Amino acid sequence: MLGIAASTALLSAIVMGVFSFFKFFGSMAIQSEGNVHAQFREITREQYVSLTKDKRIASVGICDAEEKVTGVRLLNDKEDRFRTGNIDHVDKNYLSMRVISDYDGVLPKNSSEIAVEEQFLIDNGLEDLKVGDSLTFEQGYRYIDDEIEGLSYLGGDYKSEEQFKAESTETCTVTAILHGNRPTGDWDILRGLDEDYFPDREKAQVLITLKKCDHTAIKQLNSIKAEYGIDKSEYNTEYLISCFAYEDSEGTYRSFFVMMAVALAIVIVTSVILIFNSIGMSLTERMRYLGMLASVGATAKQKRFSIYYEGFVLGAIGIPLGLLIGYIGTKITLAFLGNRIIEANIFAGVEGVSGGVPIVCNLYVMAAIVFFATLTIFISTFIPAIKASKVMPIE
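Here's a quick rundown of the structure. This one's a predicted model, so the numbers in the text were calculated from it and none came from an experiment.

### Concerning the overall build of the chain
Moving on, step 1. Each helix and strand in the chain was counted, giving 11 helices and 12 strands.
Moving on, step 2. A separation of at least 24 residues holds for 82% of the contacts in the chain among residues at least 6 apart in sequence.
Moving on, step 3. Counting every atom, the chain has about 20700 Å² of accessible surface; 57% of that belongs to carbon and sulfur.

In structure tokens form, the structure reads like this:
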């Protein structure tokens, strides 16, 4: 029984650990990119309409990436490095996928409404601005005009040598104040798009989420691209990998799954040897008893069943015990190692996150552990059961 418990505990540690880390990195991918599975670029209106009607897709969001309207400058007396920022033009579906932080108010639904990052307001002395207030700003583009490289559009942090070209002066209603939304961290203002508006193809970017994001996700996305003739795309690889969709992914991920399979195989083989020896010793001690059963008419099937029954009883006790031990051990390990990984900031999206890696112990994980543990017990009892069936009657 102890051998089965130890085997199940090791299997639990491997399976729970893998699932927990993958789900953790999936949640970190959401923190970095939002609830997004893929991004398509240079989309036509016809392709966009087709995507919205596709039964495999849960949500489609559109973004106007026209560089000449990605800059914003507030009309105040602050230094340019504070009042100059970035503005993104997106529809309500795009916002629902990319905004995952807490915010006050409601997200913009048209071009007269904006969501503003709280820090941008603070930097410009607008801490008292509330949801429902109006904000007037210049909209245009930030750029550097180099003699050699020519004009280059800018985004991101302010640069001392940059210039600003105002294309228009806009007044919009602030419908939401964001509190540090990471997926849109490069944008200080998010402006809505009108429902009947669609950008030029070269500037049209689309985000999508699938209805069923599982191990078939990449196959679904590849099929969608092929059906609608979409050439340019990016997948949220880290999140898709957390759903065990690794088709066409880099060799590193495939190697990880191979290593996991090898580790499981080593544990199973080691456990089989351990349990086999234990049951073999038990069988040697029971030879006389099995011979007596044979002498009173016990069939080979009944003698074989007695060994399987012994394995069943031991498994009924050992597997739950091993699950409990494995769960406790994995939880402690993930709390310790996860905290070290988070503190090291070696993965994107974990900045500012505290605590360890939460353990994943759902029905599918439990079923996988019980399956491998049961398989180990069956293999371990198979040969002893055959030997037991051949025990001859005692004369």
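Structure shown, so let's carry the discussion forward.
### Quick look at the environment of P384
Moving on, step 1. Inspection of the secondary structure puts P384 in helix α11 (residues 363-389).
Moving on, step 2. Relative accessible area serves as the criterion here: at 1%, P384 is assigned to the buried category.
Moving on, step 3. P384 sits 80 residues away from R304 along the chain, and the two C-alpha atoms are 8.2 Å apart.

### Here we look at a nonpolar patch on the surface
Moving on, step 1. Judged by side-chain polarity, F371, L375, F378, I379, F382, I383 and I386 come together as a nonpolar surface patch covering roughly 600 Å² of accessible area.
Moving on, step 2. What makes F378 partly exposed here is its relative accessible area of 44%.

### Details of the pattern of salt bridges
Moving on, step 1. For the structure shown, the criterion picks out 13 salt bridges.
Moving on, step 2. For K203, the salt bridge is made with E67, and the minimal N-O distance between the two is 2.7 Å. Highlighted residues: K203 in the loop between β10 (189-192) and β11 (204-210) and E67 in the loop between β2 (57-64) and β3 (71-74), separated in sequence by 136 residues.
Moving on, step 3. Assessed through its relative accessible area of 22%, K203 is described here as partly exposed.

### Some remarks on the state of the cysteines
Moving on, step 1. Counted according to the given criterion, the structure contains zero disulfides.
Moving on, step 2. We note that C213 lacks a disulfide partner, and the nearest cysteine sulfur, in C243, lies 3.8 Å from it.

### Observations concerning a negative patch on the surface
Moving on, step 1. Taken together, the side chains of D145, D146, E147 and E149 define an acidic patch exposed on the protein surface.
Moving on, step 2. Summarising the element assignment, D145 is placed in strand β7 (residues 134-146).

What counts as what
Residues numbered from 1 in each chain as written. Predicted model: local features only at pLDDT ≥ 70, side-chain atom pairs only at ≥ 80, totals over all residues. Heavy atoms only, no water. Helix = DSSP H or I, 4+ residues; strand = E, 2+ residues; numbered from the N terminus. Contact = heavy atoms within 4.5 Å. Areas by Shrake-Rupley, 256 points an atom, 1.4 Å probe, with all protein chains shown as cover. Buried < 20%, exposed > 50% of the residue type's maximum accessible area, 1.4 Å probe, protein only. Patch = residues over 30% accessible without salt bridge, like charges linked within 9 Å, V, L, I, M, F, W, Y side chains within 5 Å. Salt bridge = Lys/Arg side-chain N within 4 Å of Asp/Glu carboxyl O. Disulfide = S-S within 2.5 Å. Lys, Arg positive; Asp, Glu negative; His and termini not counted. Charge placed at Lys NZ, Arg CZ, Asp CG, Glu CD.

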